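Here is how the chains run, residue by residue.
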Amino acid sequence: MIISILIIPLLGGIILLLSSKRPRWHFTVNFLVSSASLIAAVIVLTQTVSGRILTLQIGNWPAPFGITLVADLLSSVMVLLTAIIGWAVAIYANKYVNAHQAGEGFFALMQLMLFGIYGAFLTGDMFNLYVWFEVLLIASFSLMTLGSTSRQTEGAFKYVLLNLVASAFFLVGIGLLYGVAGTLNMADLARKAAMMENTIVLQTVALIFMVSFGIKAAVFPLYFWLPASYHTAPIPVAAIFAGLLTKVGVYALIRVFSLIFIHDTNFTHTILLIVAGLTMLSGVIGAAAQNDFRRILSFHIISQIGYMIMGLALFTPLAVAGAVFYIIHHIIVKSNLFLIAGIVERIHGSFDVSRLGDVYKKWPLLALLFFIPAFSLAGIPPLSGFWAKLTVIKAGLDIRQFAIVFVALGVGLLTIFSMTKIWAQVFWKEQPITKEHRNTGNNPVWMELIPVAFLALLTIIIGLLAGPVFEISNRAAEQLLNHKPYIEAVLGGGR
Amino acid sequence: MISTALNISLGMISLSMILIILRVLRGPSLADRVTALDILMTTGIGFIAIYSIYSNNDIFIDVAVILALIAFVGTIAFSYFINRENR
Amino acid sequence: MRSLILNTALRFIAPIMFLFSFFLLVRGHNNPGGGFIAGLVAAAAITLYTLSSGVSYGRRLLQIDARLLTGSGLLLALISGIPAITSGQSFMTGLWLEKTIIVIGKLGTPILFDAGVFMVVLGITSNIIFELMEHN
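Residues numbered from 1 in each chain as written. Chains lettered and ligands numbered in written order. Predicted model: local features only at pLDDT ≥ 70, side-chain atom pairs only at ≥ 80, totals over all residues.

## Remarks on the overall build of chain A
When you go through chain A residue by residue, the secondary structure sums to 21 helices and two strands. The C-alpha atoms of chain A give a radius of gyration of 22 Å, which matches the 23 Å a tight globule of 495 residues would have. Seen through its principal axes, chain A has C-alpha atoms that stretch 70 × 55 × 40 Å. Counting every position in chain A, which comprises 495 residues, the buried fraction comes to 59%. Expressed as a percentage of contacts within chain A between residues at least 6 apart in sequence, the contacts between residues at least 24 apart total 80%. (Helix = DSSP H or I, 4+ residues; strand = E, 2+ residues; numbered from the N terminus. Rg over C-alpha atoms; globule rule 2.2 N^0.38 Å. Buried ≥ 20, exposed ≤ 12 C-beta atoms within 10 Å, placed from the backbone. Contact = placed C-beta atoms within 7 Å.)

## What about the overall build of chain B?
On a plain count of helices and strands, chain B comes out with three helices and zero strands. Along its sequence from the N terminus, chain B presents helices and strands in the succession α-α-α. Since a compact globule built from 87 residues should have a radius of gyration of about 12 Å, the 15 Å found for chain B marks it as more spread out than a globular shape. Overall, chain B is about 55 × 25 × 15 Å in size when its C-alpha atoms are taken along their principal axes. Burial status across chain B gives 2% buried among its 87 residues. A sequence separation of at least 24 residues applies to 46% of the contacts in chain B between residues at least 6 apart.

## A few points about the interface of chain C and chain B
Between chain C and chain B, the residue contacts involve twelve residues of the former and eleven residues of the latter. Of all the elements in the fold, those that place two or more residues in the side of chain C that touches chain B are α1 (4–27) and α2 (35–53) of chain C. The leading source of residues in the side of chain C that touches chain B is α2(C), at six residues. A breakdown of the residues in the side of chain C that touches chain B according to their chemical character gives eleven nonpolar, one polar and no charged. (Nonpolar A, V, L, I, M, F, W, Y, C, P; charged D, E, K, R; others polar.)

## Remarks on the interface of chain C and chain A
Contacts between the two partners involve 14 residues from chain C and, on the opposite side, twelve residues from chain A. When grouped by side-chain class, the residues that make up the side of chain C that touches chain A number six nonpolar, seven polar and one charged.

## Some remarks on the packing of helix α14 (residues 317–348) of chain A against helix α19 (residues 446–464) of chain A
Geometry of a packed helix pair, given as the angle between the helix axes and the separation of the axes. Residues and elements named next belong to chain A. Closest axis-to-axis distance for the α14/α19 pair is 9 Å, and the angle between their directions is 150°. Taken together, the axis directions place α14 and α19 in an arrangement best described as roughly antiparallel. Crossing angle aside, the handedness with which α14 passes α19 is left-handed. Contacts from Ile328, His329, Ile332, Val333, Ser335, Asn336, Leu339, Ile340 and Ile343 in α14 reach Glu448, Pro451, Val452, Leu455, Ala456, Leu458, Thr459 and Ile462 in α19. When grouped by side-chain class, the residues that make up the contact of α14 with α19 number twelve nonpolar, four polar and one charged. (Axes fitted to C-alpha atoms, helices over the stretch in contact; angles between N-to-C directions. Parallel < 35°, antiparallel > 145°, perpendicular 65-115°, else oblique. Left-handed = near helix turned anticlockwise from the far one by under 90°.)

## Focus on the confidence of the model for chain B
Per-chain confidence: chain B averages 88 in pLDDT, with 99% of residues scoring 70 or above. Put simply, helix α3 (residues 59–86) of chain B is where chain B has its lowest mean pLDDT, 84, and helix α1 (residues 2–26) of chain B is where it has its highest, 92. (pLDDT = per-residue confidence, 0-100.)

## Digging into the environment of A:Ala453
Relative to the helices and strands, A:Ala453 is located in helix α19. When the C-alpha atoms of A:Ala453 and A:Arg346 are compared, they prove to be 17 Å apart, with 107 residues separating the residues in sequence.

## Considering the nonpolar core
Among the nonpolar cores identified, the biggest contains 230 residues, and A:Ile309 and A:Leu312 are the most heavily contacted of them. Those residues in contact with A:Ile309 that sit more than four places away from it in its chain are A:Val219, A:Leu253, A:Leu272, A:Val275, A:Ala276 and A:Thr279. (Core = buried A, V, L, I, M, F, W, Y, C linked by C-beta atoms within 7 Å.)

## Brief notes about the arrangement of the chains
Inter-chain contacts occur across two pairs of chains; the most extensive set of contacts lies between chains A and C. As for chain B relative to chain A, no contact occurs, and the smallest C-alpha gap between them is 24 Å.

## Comments concerning the pairing of strand β2 (residues 68–71) of chain A
Residues and elements named next belong to chain A. Side chains Thr68 and Val70 project from β2 onto one buried face, and the interleaved Leu69 and Ala71 project onto a second face that is buried too. When strand β1 (residues 54–57) meets β2, the two strands line up antiparallel, connected through four bridges. Residue pairing for β2: Thr55 is matched across the bridge by Val70. (Pairing = 2+ DSSP bridges.)

## Side note on helix α4 (residues 66–79) of chain C
Across its 14 residues, α4(C) extends 20 Å between first and last C-alpha, which sits within 8% of the 20 Å expected from 1.5 Å per residue. Turning to α4(C), its buried residues are C:Ala66, C:Leu69, C:Thr70, C:Gly71, C:Gly73, C:Leu74, C:Leu75, C:Ala77 and C:Leu78. Buried residues in α4(C) make contact with α1 (2–18) of chain A together with α3 (55–62) and α6 (109–135) of chain C. (Expected span 1.5 Å × (residues − 1).)

## Let's talk about α2(C)
Since one α-helical turn is 3.6 residues long, residues separated by three or four positions face the same way. Residue and element names in this part refer to chain C. The terminal C-alpha atoms of α2, which comprises 19 residues, lie 27 Å apart, in line with the 27 Å expected from a rise of 1.5 Å per residue. By the criterion of burial, α2 is predominantly enclosed, with 15 of the 19 residues buried. Immediately beyond the C-terminal end of α2, within one or two residues, lies Gly54, with a positive phi of roughly 100°.

## Details of unusual backbone geometry
Of note, the bond from A:Phe220 into A:Pro221 is cis; its omega dihedral lies within 30 degrees of zero at -5°. By the element assignment, A:Pro221 lies in the loop between α9 (200–217) and α10 (225–229). Of the consecutive residues A:Pro381 and A:Pro382, the connecting peptide bond is found in the cis state with omega at 0°. Examined against the element boundaries, A:Pro382 turns out to sit in the loop between α16 (364–378) and α17 (384–398). A positive phi angle is found at A:Ala218, which is not glycine, with a value near 60°. Looking at where A:Ala218 falls in the secondary structure, it is placed in the loop between α9 and α10. Residue A:Ala218 is classed as buried on the basis of its C-beta count, with 25 C-beta atoms lying within 10 Å. In this structure, C:Gln63 is a non-glycine residue whose phi angle is positive, near 70°. With respect to the helices and strands, the residue C:Gln63 is situated in the loop between α3 and α4. Take C:Gln63: there are 7 C-beta atoms within 10 Å of it, and that puts it in the exposed class.

## Observations concerning the packing of α1(A) against helix α2 (residues 26–48) of chain A
All names here are of chain A. The geometry of α1 relative to α2 is characterised by a closest axis approach of 9 Å and an angle of 175° between their N-to-C directions. Accordingly, the angle class assigned to the pair α1 and α2 is roughly antiparallel. On the side of α1, the interface is formed by Ile2, Ser4, Ile5, Ile8, Pro9, Gly12, Ile15 and Leu16, while α2 contributes His26, Val29, Asn30, Val33, Ala36, Ser37, Ala40, Ala41 and Val44. Here the residues of the contact of α1 with α2 are counted per class, giving twelve nonpolar, five polar and no charged.

## Re the environment of A:Glu134
Looking at the element boundaries, A:Glu134 is found in helix α6 (residues 126–144). For A:Glu134, a count of 16 C-beta atoms within 10 Å gives the class partly exposed.

## A look at the environment of C:Ser90
Here C:Ser90 is to be found in the loop between α5 (82–86) and β1 (96–101). The exposure class of C:Ser90 is partly exposed, given the 18 C-beta atoms found within 10 Å. Residue contacts for C:Ser90: discarding those within four places in its chain leaves A:Leu56, A:Gln57, A:Ile58, A:Gly59, A:Asn60 and C:Ala84.

Below, the structure written as structure tokens:
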């Protein structure tokens, strides 16, 4: 069953690549492929939600030697979220991707990028994780430069450079890890690392991985590439990037620092905690100085990632559950906000908040659709963001980490301020009339409002049904902290 | 007997490599450097072939063959662009 | 760039490159070689022809569109994993024929996978070369 999650987007990408002469069909094909992925992801989640761990030994090579695909609860939840965002963007892209871009391979690259993301979430092998990172990066490089304007190339250049540095660090870390442990299978690593006596090299590797995944997850002080590059990509691409790519880094951090590097949590997780606090602060302060709709949102990705890392760093069952809940909430909300920014730009022809205005008066529905994810992001009850923040902060209070709780609360306030700024500038105030800027005269169409409404609805559902969602996060956290079932599922010859 | 010959030839090839690298560094023109890099590849092929005999491992011969087949592509590409710039 | 030396030399070198690339492809499973390096060697030959006779000649030499080649290569690699599923084994399990053939050795699904990789590498590399040559 796991393999279908990988085969569907790959097959879809191949079909789209082979039919590059008929770009008109691409939208439909892409939509069908994304729907199939969504169904497969739901099926996998229904199988793992009870706590079962699915594994697949590729090529029938037994576990520590071959590549293992593992779907535990966290992986399946991430896969489902990826499929949801992929599906929403597949509908949304109709208005934003013209036949020329489709012929250039827009949809094919998008499916291949999703293929890479699914792979990164499902793999149970360190080196394989590196390979998946490269798969999704190559696809994302090409997607980012698809318009090939000079601004895009500049943004993509920073993105490529930083990510190559991250990959190099990762590769060095993998080499060292293999030298110490003699295996790269994650379950086997967890088993061997637990028995290791001399852990100095292991700590070094932990720090190298922290830098590498930290760059990918855009944590302090390695986040500069994110606001410099995300806003240059086409909006459907930016929405996937914003929702998913940094979360791949966060996922890798959570996986590695809950499974393998847990010897000296005083050392590693304290660093993570400090990093988390600084990430939150620098993200939200950076956002305050911005005037571009997408750049404000980009900086908020950074500050929100701080909360997830905080959940991981506190490292109690409740905190890790909070981190998982936060990821669920954030992927949906952040992609949605980017999609809305795209709609506003298509109507008003600008991303600059000082030039925008009046959206509320003209399009109250659009304003409402913005209101839900924006104030969920800021943590207003009863939306999903409130429960996510509450869980993480409660976990902090439980183990008396008041400093980080204080930072988290302060950043929450600043986020409200920042979202209010967008609300007031873009949706509420009267649009200033200037000569050089004119509205495009486009109206929002259903094709782009449906995915936005769908994601907003999910935000509300997560908020109202916080109990069951929290229960799932809790189980995922339990699986992360209790390694025995994971190791047995991978190494015990299970299928 | 053969090992002495191998040692001597390895030494000579290493020496010529150093001289070639000096030429790459000193130039003076781009064409000089490109040609020097090409010869560096050629001596590299010789080095690999001798090392293959030295270590009694015929897998290295394949590496030498691939290098010999591919090494000059870069040189030709360079000359293509030098040619174009002069036009 | 018209060069008599290059054109004449290519007539002898290019067949050897293609032949060696095929050799690397088929023996790659148990010895150094494989689809990736074989694709690079073949792409080098295509590159040489493109440099000596122009992009349009390079495209004609490749016979099919480079992007199409990449796509079909991916498809072939994917298909190579399917027979294992139909015979009830894990995805990508290597299945081999019993008989051996001279030079090539045993035939099996991993050869298909390697051929797919070969096509992907050849397609992507020549596509990059064509694009670069056309835009400059």
